[in-house]
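Now for the letters of each chain:
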Amino acid sequence: MRSRATVDVAVGASALVLEVVAVAARGAGSALRPVASVVLRPPVVPRRLHPARLLDVLGREGAERREPLREALSRRLDVLVPAVLAEVLRRAHLTEMVLRYVDLDEVVAGVDLDAAAARLDVEGVVRRVDLDAVARRIDVDAVAARLDLDKVVGRVDVDPVVARVDVDAVAARLDLGRVLDRLDLTSVVLERVDLDALVEAILGRIDLVGLAEEVIDAVDLPEIIRESTGSMASDTVRGARMQGIAADEAVGRAVDRLLLRRGRRATDAPTIPRQNDRTP
Amino acid sequence: MSEGGVSPVPREARPYQGQRAGLVTRLVAAVIDGLVVALVLSAGYVALTAVIFLVDPRGFSFPQPRLVFSLAMGFLVLVVYFTIAWRISGRTYGSLVMGLRVVGYRGENLRVVGAFVRALFCAVFPIGLVWVAVSRENRSVQDIVLRTSVVYDWQPKAAPGSPPAPG
């Protein structure tokens, strides 16, 4: 507190002195102006010897040498200023000074962030960023642990997202073979499928009787039975019967030809339904 | 063997099952039946002879029945044989061998009266069988009159009253 008061006193004294000096200078200026005019242009001295003329000559020379001097000075300053500035900054603790003396909020409030953002080359920035390195430094588990996914999902309107998804394209990219390889389809079917209903549905669509008859026809089961049992329809009897049928047809055709008949005989006999036959 | 679908009939014969049989098959069956009747008569003659021998061995001589008696006996045997066979299974032995069956006008087995009348008709007028060759429906005179049919039926077994197998 004492040092601050001392400084304040010093500053107040200096201000007072400066004010006095300024008043005095203004008064002296207005008082000395006629004197200066006489001094610079004495009435009795030839004009070419006037001090004002000498000042003009000096002024012109100064004007001529001002540009080279400025350039020389600029060159020296170019060398000198960075070095000095660096040394000053090194010792000045600029950050602390800025934090102490600069009202950053006001500065930021004065910045037109929209315009700055509009001028940003975001693409270029993104190109320059090593996203892999950034991603490696991110602790995804920690981020995920802090996420309240239920809340996030609750805020998402899934319908438009789903509407924009090309399911066909997604399905086309799926390697179904690998998916199926990873699935235990047998256990899935055993647990989830109503096998009884499935079998009933399949059996309902299969003509089991017709199928059995086709199979029996294919293997000629009656022939096997006949051969194994040696029934009445042995080869001799069957041959005799078939010859009898052939002879019947031959006789019938011969008689029909003799009687000038045309067409086949109507030999269909009436039948009644079998006991276990459902057709009328 | 189930009658539901599997047929023991050989494949080549199936198209004929249920069709009326022609003259040749029925003639062969009739001949076989004639042999059966003859066999029965012979057996009866042997039995009669044996009885006579047992009753009076000393005075034994082979019986010599008159022709009328023999014909009458043959006629009787034939009618009884046909009636029983057609009533029970629709088949005589000759029909069994040749794969035939006698059915009524609806395809059913004959009743006793029907079988008896047909047997009587066949015994009295056997030549009526020849009409099978002339008839466009392979029917004999007896079939036409009595509205019966003789069909191919190779099914080895059939319960009485069951219809012929259509193949």
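Residues numbered from 1 in each chain as written. Chains lettered and ligands numbered in written order. Predicted model: local features only at pLDDT ≥ 70, side-chain atom pairs only at ≥ 80, totals over all residues. Heavy atoms only, no water.

### Brief notes about the confidence of the model for chain B
Residue and element names in this part refer to chain B. Put simply, the test is: The pLDDT value expresses, per residue, how confident the predictor is, ranging between 0 and 100. Under the scheme used here, helices are H or I runs from DSSP no shorter than 4 residues and strands are E runs no shorter than 2 residues, and both carry numbers assigned from the N terminus. Residues count as neighbours in contact if any of their non-hydrogen atoms are within 4.5 Å of one another.
In the predicted model, chain B carries a mean pLDDT of 87, and 89% of its residues have values of at least 70. Helix α4 (residues 112-124) holds the highest mean pLDDT among the elements of chain B, 95, whereas helix α3 (residues 93-98) holds the lowest, 92. Long-range and interchain partners of residues 159-167, a stretch whose pLDDT sits below 50, account for 27 contacts in this model, where long-range means more than four residues apart. The ipTM, which scores confidence in the relative placement of chains, is 0.85 for this predicted complex, and the corresponding pTM is 0.49.

### A closer look at the pattern of salt bridges
Spelled out, the test is: We define a salt bridge as a contact between a side-chain nitrogen of Lys or Arg and a carboxyl oxygen of Asp or Glu at a distance within 4 Å. Throughout, exposure labels follow a simple rule: accessible area from a 1.4 Å probe, protein chains only, divided by the maximum for the residue type, with under 20% read as buried, over 50% as exposed, and the rest as partly exposed.
This model, assessed by the stated rule, comprises eleven salt bridges over all chains. A salt bridge links Arg-261 of chain A to Asp-256 of chain A, with the nearest nitrogen and oxygen atoms 2.9 Å apart. Arg-261 of chain A sits in the partly exposed class, given a relative accessible area of 23%. A salt bridge links Arg-139 of chain B to Glu-137 of chain B; the nearest nitrogen and oxygen atoms lie 3.3 Å apart.

### Some thoughts on the side chain of Glu-108 of chain B
All names here are of chain B. The line we're drawing: In this count, Lys and Arg are taken as positive residues and Asp and Glu as negative ones, while His and the chain termini are left out. We define a polar contact as two N or O atoms separated by no more than 3.5 Å, with the added condition that, inside protein, one atom must be a possible hydrogen donor and the other a possible acceptor, whereas residues neighbouring each other in sequence contribute only through side-chain atom pairs.
Mapped onto the elements of the fold, Glu-108 is located in the loop between β1 (100-103) and α4. Of the side chains bearing the opposite charge, Arg-106 lies closest to the buried Glu-108, which forms no salt bridge; the N-O distance is 4.4 Å. Polar side-chain contacts of Glu-108 include one of 3.1 Å to the backbone nitrogen of Arg-106.

### Observations regarding the pairing of strand β2 (residues 149-152) of chain B
All names here are of chain B. Worth spelling out the cut-off: When DSSP finds two or more bridges between two strands, those strands count as paired.
Alternating positions in β2 separate into two faces, Ser-149 and Val-151 on one and Val-150 and Tyr-152 on the other, with burial throughout. Where β1 lies against β2, four bridges are found, and the strand directions are antiparallel. Paired with Leu-100 across the two strands is Tyr-152, which belongs to β2.

### Points about the packing of aromatic side chains
Residues and elements named next belong to chain B. Test applied: The pairing test for Phe, Tyr and Trp rings, Trp by its six-membered ring, is centres within 6.5 Å, and the orientation test on the planes gives stacked under 30 degrees, edge-to-face over 60, and tilted for anything in between. A ring has a charge above it when a Lys NZ or an Arg CZ is no more than 6 Å from the ring centre and no more than 35 degrees off the ring normal.
One pass over the full model with this rule turns up six aromatic pairs over all chains. Ring centres 5.7 Å apart and planes at 35° place the aromatic pair Tyr-81 and Phe-82 in the tilted group. Since its relative accessible area comes to 18%, Tyr-81 is described here as buried. Of the residues examined, Phe-82 reaches a relative accessible area of 9% and is grouped as buried. Taken together, the ring pairs in this structure connect Phe-53, Phe-60 and Phe-62 into an aromatic cluster. Lying across the ring of Trp-86, Arg-118 places its NZ or CZ 4.8 Å from the centre. Positioned over the ring face of Tyr-105 is Arg-147, at 4.2 Å from the centre of the ring.

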